[in-house]
Every structure is written in C-alpha cells, then in structure tokens.
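Read off the chains here:
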Number of protein chains: 2
Amino acid sequence: MLLPSSVNTTMTQQSVLSELLDRLKSEPCSYLSGCDLQHEGDRPQNLYYIQSGWVYAYVMLADGQRQILYLYQPGDIAGLSDVGMDRISCSLVSLSDCVVHAIPMKHVVSSQVLTPGVSVHLLQKSAEVQSCLMRTLVAIGRMTARQRVVWLILMFQDKLHQRHMVANIVDVPFNQSELGDLIGLTNVSVSKVLCDLSNEGFIERKGSQIRLRRRSDLEEMIHYHAIRRLAPFRGKLESTSTY
Amino acid sequence: MLLPSSVNTTMTQQSVLSELLDRLKSEPCSYLSGCDLQHEGDRPQNLYYIQSGWVYAYVMLADGQRQILYLYQPGDIAGLSDVGMDRISCSLVSLSDCVVHAIPMKHVVSSQVLTPGVSVHLLQKSAEVQSCLMRTLVAIGRMTARQRVVWLILMFQDKLHQRHMVANIVDVPFNQSELGDLIGLTNVSVSKVLCDLSNEGFIERKGSQIRLRRRSDLEEMIHYHAIRRLAPFRGKLESTSTY
DNA sequence: CGCAGATTTGAAAATCGTCAAAAACCGTGG
DNA sequence: CCACGGTTTTTGACGATTTTCAAATCTGCG
C-alpha cells in the first residue's frame with residue numbers, strides 16, 4: 001500500500017489511485033537520474049505514476065535543439081498525452097533518482113480499471129498538464145526573455161510550493177541550459193537575465209537556490225496569477241448506481 | 001439523437017458521447033461567430049462539446065497581446081483544461097457560427113456520468129489537446145518564423161484533413177494577425193513568410209485558401225510528422241463487471 | 001465608387017542568438 | 001588543505017532575426 005487509504009466509501013483522490021495500483025499489482029520501478037522511461041516515436045505502452053523524484057518530458061529537433069515540455073512531480077502521471085495515440089510524441093527522462101509505477105495503457109483504454117474515481121483523477125491530472133502547457137505557451141509565445149525567466153521562477157515556486165516551502169526559496173532542479181530549453185531561450189540569455197534580476201535586487205542566488213526577495217514585484221512585472229486547484233473532491237466516487 | 005448509436009453493446013467513441021448527451025438531456029446552444037463561451041477568470045461551469053463550427057481558446061496579456069492556444073473542431077471537447085480547477089485559465093470564442101452542447105462540470109467530476117466509455121473518450125480528447133499543445137510549444141519555442149508558419153500550415157491541413165481534403169488545399173479560418181497569435185509572431189512576419197513561400201513556389205494563395213504545391217518539401221524543411229491516432233476502440237466499453 | 005479592414009512593403013530599432021574566451025564552481029584525489 | 005579536471009556560468013563583441021512603425025496597396029462588400 002503506497003498511500004493511506006480511507007476506510008469508508010469516501011475516497012480521496014490519492015487513495016483512489018493507490019487502490020488502482022493495488023488492483024493492478026503494479027510493482028514500483030526505480031530509475032537512476034538521467035534514464036529514459038520512454039522515447040519519442042515508440043508505441044504508447046504505459047502511463048507512469050511518479051511516486052518519488054522528478055521526470056520531465058522533452059522533444060529533440062533535427063538540428064539538435066531541445067524543448068522541455070513538462071516537469072512531473074511525485075503524484076503526477078506522465079504519458080497522458082499519448083492515450084489513444086499511435087506513437088509517443090515526447091520522450092520522458094528522470095531528472096533525479098526516482099520511483100515510478102507503470103500503468104499499462106491497454107488497461108486504461110479498455111478495461112475495468114476506470115472506476116469513476118480513477119477517471120476523475122486521471123482527467124484532473126490531464127487537465128493540470130494541459131493547463132500548465134497553455135500557460136507555458138503564453139509565456140514562450142508572447143513574453144520577452146526577462147519576463148519568461150521571471151515567469152519560470154514564479155511557476156517553479158508554486159509547483160514546488162506544496163513540498164518544501166521555505167521562506168521564498170526555490171531550489172531549481174535544472175541548469176541554465178535546461179532552463180533555456182524550458183522557455184525557448186539559450187543558456188546565455190538565461191544567465192544574463194538571472195544576473196540582471198540579481199543585480200536589481202529581485203532575487204538572491206546561492207548555487208541552485210533562488211531566493212525571491214520581492215515576489216510581489218516580480219508577479220506584478222508579468223501580471224502573474226498562480227494556478228489554483230479546487231480542494232480535492234471527497235464525495236462517494238465509488239457509487240455503483242445506475243449506468 | 002445527434003450521432004448514430006449502435007444497437008448492440010459494441011459502442012463507438014462517438015455514440016458513447018451521444019448517449020451521454022441524451023442522458024443529460026443536453027440541449028444544443030447556437031452561437032454566432034465571435035461569441036464568448038467562457039472567459040478567463042470565471043469559475044469552470046461546463047465542458048463544451050462542439051457539434052458544428054469552430055471555437056478557439058486564447059489568453060490576453062496585460063499589454064494587449066494575445067496568444068491563441070487551440071482550435072476546436074466539430075467533435076472536440078473544449079474546457080478539459082479546467083477540470084478540477086478553481087478558475088478558468090483561458091477564454092473560449094466561436095470563430096464561426098457554431099452549435100455547442102454544454103456538459104456541466106459538476107456532473108463530470110462527481111456523478112454517474114462517467115461510464116468507462118465516456119471516461120476513455122474524455123481522456124482521449126484531453127490527450128489530443130495535450131499532444132497538440134506540446135507540438136505547438138516545440139514550434140514556438142525552437143523554430144524560426146518561417147519554420148513556424150510552415151508548421152502551422154501543415155498542421156492545419158492535417159487537422160482539417162478528415163473533413164474537406166481537396167487536393168492539398170487548406171482553407172485557413174484565420175487572418176494573418178490571428179495566425180501570428182497562434183505561433184507567437186506578428187502579422188507582419190506572417191505576411192513576409194507567406195509571400196516568400198509563395199514566391200519560392202512552395203504554396204499558392206487565393207484568398208483564405210492555401211494550396212500546398214510541394215507538401216513533402218515543406219515537411220522535410222521542418223522534419224514534420226503528422227499526429228496519428230489509433231483507430232477508435234470498439235470493445236465492450238459498457239461492460240458492467242467487477243469494479 | 002468608396003469605405004473599412006486586411007495585407008504588403010520598407011526602413012529603423014530592439015531583442016536575442018552565436019561564438020569564444022574567461023571565470024567560477026564542484027567533486028575527487030593527492 | 002590544496003591542486004586538478006570537467007562542467008557550468010559569466011562576459012563581451014558581433015550578427016541575424018524579428019518587431020515596430022508608418023505608409024501604400026489590395027480586397028470584399030454595400
């Protein structure tokens with residue numbers, strides 16, 4: 001049992017998934033940092049429930065450029081973009097050592113796996129990714145380099161917020177080349193912007209840590225709004241009535 | 001009844017949705033071109049099943065710039081990015097006169113609506129959007145203006161392919177400012193690239209129609225691959241067994 | 001025909017990328 | 001504790017691409 005499961009029919013989102021993994025007798029897989037979980041062009045095999053560590057999705061272009069698409073955290077589900085597709089559209093790589101559960105795609109698409117509880121959870125996770133991709137698209141499509149970097153820092157803080165929220169400090173798990181690949185810039189541009197922001201007193205840097213000195217100013221600079229999720233639904237998702 | 005429904009338990013994707021709409025007693029709504037279906041910042045109310053016409057999602061920035069995020073076609077479902085969110089992240093506007101079914105979000109998240117068949121369909125539709133957003137992100141983040149325009153034309157042809165595939169002719173439903181807003185460019189840049197492509201014999205233009213004269217050359221120019229979906233699943237999605 | 005919106009064109013300006021070298025950082029091993 | 005090698009970050013000069021701005025042209029339609 002991976003996650004706490006409630007005793008009555010009132011299920012939390014998390015326990016719904018945990019029961020699913022139990023039912024599938026899914027064994028967790030461990031990966032070292034930098035391992036490929038799936039590669040662009042393969043056939044979709046699994047969804048991946050990230051139990052611990054970080055995984056990111058990316059695409060390589062023919063000229064060697066890379067676009068990083070999404071950073072998956074513990075609790076996230078990778079591979080939802082490939083449901084119903086003939087081929088996988090992006091590669092998945094572990095950014096740190098991590099533990100992952102593979103959920104065979106064929107079960108997702110065709111079987112008894114999809115209780116209403118599981119379905120809602122998957123839909124919400126898919127929505128989360130979609131929502132973040134949309135915001136990224138706005139940033140990359142319509143913001144200057146400086147604005148994009150600020151956006152990325154703020155988004156990182158929100159994303160890592162739940163886990164280790166320590167006094168406006170963000171521990172960024174990427175180097176500057178990777179940061180550039182996240183927001184369509186070069187490492188040189190990222191470096192320049194970070195130095196500028198530091199010189200202007202918006203942030204302080206120490207190693208991979210960024211301390212937001214004036215978060216509200218940064219938010220105002222790009223009119224940033226955090227994504228807010230609804231409190232997880234806690235109704236009787238297991239209801240068996242009338243289909 | 002909107003869509004043909006099969007008589008036995010073997011359900012097509014489409015008929016699954018059609019039955020859902022029946023069950024919800026959903027009445028279609030008609031919109032004129034240019035109407036808001038939902039606006040950024042509202043609370044999520046509905047999913048929108050597009051029965052006919054076009055709808056697109058976009059975000060406005062504080063400085064008046066716009067990023068268009070996705071073009072929904074008949075059969076698509078808009079609003080999937082807002083499942084489980086506190087606030088809507090993008091506005092929806094009709095690009096042509098259209099007919100739309102609203103599916104109340106509260107039913108999606110909490111009720112008996114989610115049969116396995118409906119769930120799979122929603123997940124696949126969500127995956128489609130996610131996949132397209134990822135490709136857009138790669139284009140905007142890592143391609144030059146010319147490559148982005150070529151990418152957009154090819155993607156449009158694929159997207160409009162199913163319906164009216166007439167001899168490599170794409171009828172683009174956007175003006176050049178909107179095309180720019182789709183791929184993070186200005187109308188001026190779009191104009192220049194289109195003129196160049198025309199002069200170089202890659203395309204012919206007549207009004208809003210673009211004829212691809214050498215599609216394979218264009219594909220090679222940007223190493224384009226079409227998205228391919230699996231043949232729609234036709235198993236017994238209505239199976240009532242063992243959850 | 002005339003109008004309004006859309007597209008094209010050109011020149012100037014700004015942004016960002018490229019390239020290359022220097023500096024800083026980090027873990028390892030003496 | 002220090003030296004070393006490899007990676008990452010910083011810096012500066014230069015160039016290319018794209019935007020901005022403005023004017024001219026084109027198009028569709030009443």
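Quick caveat, the model's predicted, so the values are computed rather than measured. (Residues numbered from 1 in each chain as written. Chains lettered and ligands numbered in written order. Predicted model: local features only at pLDDT ≥ 70, side-chain atom pairs only at ≥ 80, totals over all residues. Heavy atoms only, no water.)

Draft legend 1. Representation of the overall build of chain A within the structure. Across its full length, chain A holds seven helices and eleven strands. The buried share of chain A, taken over its 243 residues, is 54%. Contacts spanning at least 24 positions in sequence make up 70% of the contacts within chain A whose residues lie at least 6 apart. Taken as a whole, chain A presents about 10,400 Å² of accessible surface, with 52% of it coming from carbon and sulfur. (Helix = DSSP H or I, 4+ residues; strand = E, 2+ residues; numbered from the N terminus. Buried < 20%, exposed > 50% of the residue type's maximum accessible area, 1.4 Å probe, protein only. Contact = heavy atoms within 4.5 Å. Areas by Shrake-Rupley, 256 points an atom, 1.4 Å probe, with all protein chains shown as cover.)

Draft legend 2. How the structure looks around the relation of the copies chain A and chain B. Turning chain A through 180 degrees and shifting it by 0.0 Å along the axis lays it on chain B, with an RMSD of 0.0 Å. Between the two chains, the operation in question is that of a two-fold axis. Taken together, the interface assignments show that 100% of the residues at the interface of chain A recur at the interface of chain B, consistent with an identical surface on both copies. (Least-squares fit on C-alpha atoms with pLDDT ≥ 70 in both.)

Draft legend 3. Geometry of the protein's contact with DNA strand D. Not every one of the 14 residues close to DNA strand D is listed here, only the nearest: Gln176, Ser191 and Arg205 of chain A together with Ala145 and Ser189 of chain B. A breakdown of the atoms of DNA strand D within 4 Å of the protein gives sugar and phosphate a share of 79%. Interatomic distance of 2.6 Å between a backbone N/O atom of Ala145 of chain B and a phosphate oxygen of DNA strand D. Contact between DNA strand D and Thr186 of chain B: a phosphate oxygen at 3.3 Å from a side-chain N or O atom of the residue. (Near = heavy atom within 4 Å. Polar contact = N/O pair within 3.5 Å; in protein donor to acceptor, adjacent residues only side chain to side chain.)

Draft legend 4. The arrangement of the protein's contact with DNA strand C in detail. Lining the immediate environment of DNA strand C, one finds 14 residues, of which Ala145 and Ser189 of chain A together with Gln176, Ser191 and Arg205 of chain B sit closest. A share of 81% of the atoms of DNA strand C within 4 Å of the protein falls on sugar and phosphate groups. Within the side chain of Arg205 of chain B, an N or O atom sits 2.4 Å from a phosphate oxygen of DNA strand C. Put simply, the parts of the chain that give the surface near DNA strand C at least two residues each are α6 (187–199) of chain A together with α6 (187–199) of chain B. Split into classes, the residues belonging to the surface near DNA strand C amount to five nonpolar, seven polar and two charged. (Nonpolar A, V, L, I, M, F, W, Y, C, P; charged D, E, K, R; others polar.)

Draft legend 5. The arrangement of helix α4 (residues 145–161) of chain A in detail. Here α4 of chain A contains 17 residues, and its C-alpha end-to-end distance of 24 Å stays within 8% of the 24 Å for a straight helix at 1.5 Å per residue. In terms of residue burial, α4 of chain A counts as a mostly covered element, since 13 of its 17 residues are buried. (Expected span 1.5 Å × (residues − 1).)

Draft legend 6. The domain arrangement of chain A, seen in detail. Residue and element names in this part refer to chain A. As assigned here, chain A comprises domain 1 (13–138) and domain 2 (143–222). Computed from C-alpha coordinates alone, the two centres of domain 1 and domain 2 are separated by 26 Å. Every contact between the two is made by 14 residues of domain 1 and, on the other side, 14 residues of domain 2. For the pair domain 1 and domain 2, the summed buried surface comes to about 1,400 Å²; carbon and sulfur atoms form 56% of the total. Considering only the surface of domain 1 that becomes buried against domain 2, Ile68, Leu71 and Gln73 emerge as the three largest contributors, covering 34% of it. A salt bridge links Asp181 to Arg66; the nearest nitrogen and oxygen atoms lie 2.8 Å apart. (Domains from an automatic or database assignment. Buried area = accessible area lost by both parts, 1.4 Å probe. Salt bridge = Lys/Arg side-chain N within 4 Å of Asp/Glu carboxyl O.)

Draft legend 7. Here's a closer look at the nonpolar core. Ranked by size, the top nonpolar core spans 116 residues in total, and within it Tyr72, Phe156 and Phe174 of chain A together with Tyr72, Phe156 and Phe174 of chain B carry the most contacts. Once residues within four sequence positions are removed from consideration, Phe174 of chain A is found in contact with Tyr56, Ile68, Leu71, Leu95, Phe156, Leu179 and Leu182 of chain A. Grouped together as the second largest cluster of nonpolar side chains are 40 residues, Leu21 and Leu80 of chain A together with Leu47 and Ile103 of chain B included. (Core = buried A, V, L, I, M, F, W, Y, C linked by side-chain atoms within 4.5 Å.)

Draft legend 8. Spotlight on the pattern of salt bridges. Scanning the model with the defined rule gives 26 salt bridges over all chains in all. When the shortest N-O distance is used, the salt bridge between Arg214 of chain A and Asp217 of chain A registers 3.0 Å. Given the relative accessible area of 28%, Asp217 of chain A is considered partly exposed. One connected set of salt bridges, linked through shared partners, spans Arg43, Asp86 and Arg87 of chain A together with Arg228 of chain B.

Draft legend 9. Geometry of the state of the cysteines. Evaluation of the coordinates by the stated rule reveals zero disulfides over all chains. For Cys29 of chain A, which is in no disulfide, the shortest distance to another cysteine sulfur is to Cys98 of chain A and amounts to 9.8 Å. Cys35 of chain B carries a free sulfur, and the closest cysteine sulfur to it, the one in Cys98 of chain B, is 7.7 Å from it. Classification of Cys35 of chain B by relative accessible area gives partly exposed; the value is 26%. (Disulfide = S-S within 2.5 Å.)

Draft legend 10. Up close: the packing of helix α3 (residues 116–142) of chain B against helix α4 (residues 145–161) of chain B. Residues and elements named next belong to chain B. Relative to each other, α3 and α4 sit at 155 degrees, their axes nearing to 9 Å. Judged by the angle between their axes, α3 and α4 are roughly antiparallel. Taken as a pair, α3 and α4 cross one another with a handedness that is right-handed. Facing Cys132, Arg135, Thr136, Ala139 and Ile140 of α3, the residues of α4 in contact are Arg148, Trp151 and Met155. For the contact of α3 with α4, the residue count by class is five nonpolar, one polar and two charged. (Axes fitted to C-alpha atoms, helices over the stretch in contact; angles between N-to-C directions. Parallel < 35°, antiparallel > 145°, perpendicular 65-115°, else oblique. Left-handed = near helix turned anticlockwise from the far one by under 90°.)

Draft legend 11. Representation of the interface of chain A and chain B. Across the contact, 60 residues belong to chain A and 60 residues belong to chain B. Buried area between chain A and chain B, summed over both chains or domains, comes out near 5,600 Å², and the portion from carbon and sulfur atoms is 68%. By the criterion of area lost to chain B, the three top residues of chain A are Leu123, Leu137 and Arg142 of chain A, representing 15% of everything that side buries. Our count for the chain A to chain B interface comes out at four salt bridges. Residue Arg142 of chain B is joined to Asp181 of chain A by a salt bridge in which the shortest nitrogen-to-oxygen separation is 2.6 Å. The tally of links between chain A and chain B comes to 20 residue pairs in polar contact (both at pLDDT 80 or more). Counting residues per element, the ones that place at least two in the side of chain A that touches chain B are β5 (66–72), α2 (105–110), α3 (116–142) and α5 (176–183) of chain A. Considering every element that reaches the side of chain A that touches chain B, the biggest residue donor is α3 of chain A, with 20 residues.

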